[in-house]
Amino acid sequence: AGVARVRLLKIDTEGYEGSVLAGARKYLSEGRIDHLIIEINRPQWDALGLDFNATLRQLADWGYEFRETRQPYRLADMDRLHWAPDIWFKRRASS
């Protein structure tokens, strides 16, 4: 049976977000997770040798757009995401 769809996945793992995302790869690539809210700890990503930009590109390739976590929830500029403590990834509607 398993889980068919996840509406919201909140990740706050003190720098191990990349590992959690890797574990959720199948669900993410199949579009089975509608929303992600991730608290980013960039220094820990760097210390673990994880590529933050590659992760963002992969999420975008899988159909996720980046949004601000505060109103008015605008689309976020990828270049500014490095400084955002929380990022909301919203799955784009399929066409």
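It should be emphasised that the depicted structure is a prediction, and the values quoted were computed from it without experimental measurement.

Asks: If you had to explain the packing of aromatic side chains to someone new, which residues and values would you point to?
Replies: Taken as a whole and judged by the stated rule, the model has 2 aromatic pairs. Both rings, one in tryptophan 45 and one in phenylalanine 52, keep their centres 5.3 Å apart while their planes meet at 80°; by these two values the pair is edge-to-face. Each of the two residues, tryptophan 45 as well as phenylalanine 52, counts as buried. Ring geometry for phenylalanine 66 and phenylalanine 89: centres 5.1 Å apart, planes at 90°, overall edge-to-face. One end of the pair, phenylalanine 66, is in strand E3 (residues 64-67); the other, phenylalanine 89, is in strand E4 (residues 86-91), with 23 residues separating them in the sequence. Of the two residues examined, phenylalanine 66 and phenylalanine 89, each falls in the buried class. If you follow arginine 32 out to its NZ or CZ, it ends over the ring of tyrosine 27, 3.9 Å from the centre.

Asks: Please set out the pattern of salt bridges residue by residue, giving values where relevant.
Replies: Applying the stated criterion across every chain yields a total of 5 salt bridges. The partner of aspartate 34 in a salt bridge is arginine 7, with the nearest N and O atoms 3.0 Å apart. Separated by 27 residues along the polypeptide, aspartate 34 in strand E2 (residues 33-39) and arginine 7 in strand E1 (residues 6-11) bring together distant segments of the chain. Judged by its relative accessible area of 58%, arginine 7 falls in the exposed class. In this structure, glutamate 30 engages lysine 26 in a salt bridge whose closest nitrogen and oxygen atoms are separated by 2.5 Å. Residues joined in a network through salt bridges with shared partners are Arg5, Arg7 and Asp34.

Asks: An account of helix H4 (residues 52-61) is needed here, citing residue identities and associated values.
Replies: Along H4, the residues that are buried comprise Phe52, Leu56 and Leu59. With its buried residues spanning 65° around the axis, H4 presents them on a single face. Here the buried face of H4 lies against helix H2 (25-29), E2, helix H3 (42-47), E3 and E4. With a side-chain oxygen positioned 3.1 Å from the backbone nitrogen of asparagine 53, the residue opening H4 is aspartate 51. One or two steps after H4, the chain reaches glycine 63, where phi turns positive at roughly 100°.

Calculation criteria
Residues numbered from 1 in each chain as written. Predicted model: local features only at pLDDT ≥ 70, side-chain atom pairs only at ≥ 80, totals over all residues. Heavy atoms only, no water. Phe/Tyr/Trp six-rings, centres within 6.5 Å; stacked < 30°, edge-to-face > 60°. Buried < 20%, exposed > 50% of the residue type's maximum accessible area, 1.4 Å probe, protein only. Helix = DSSP H or I, 4+ residues; strand = E, 2+ residues; numbered from the N terminus. Lys NZ or Arg CZ within 6 Å of the ring centre and 35° of its normal. Salt bridge = Lys/Arg side-chain N within 4 Å of Asp/Glu carboxyl O. Arc of directions from axis to C-beta. Contact = heavy atoms within 4.5 Å. Polar contact = N/O pair within 3.5 Å; in protein donor to acceptor, adjacent residues only side chain to side chain.

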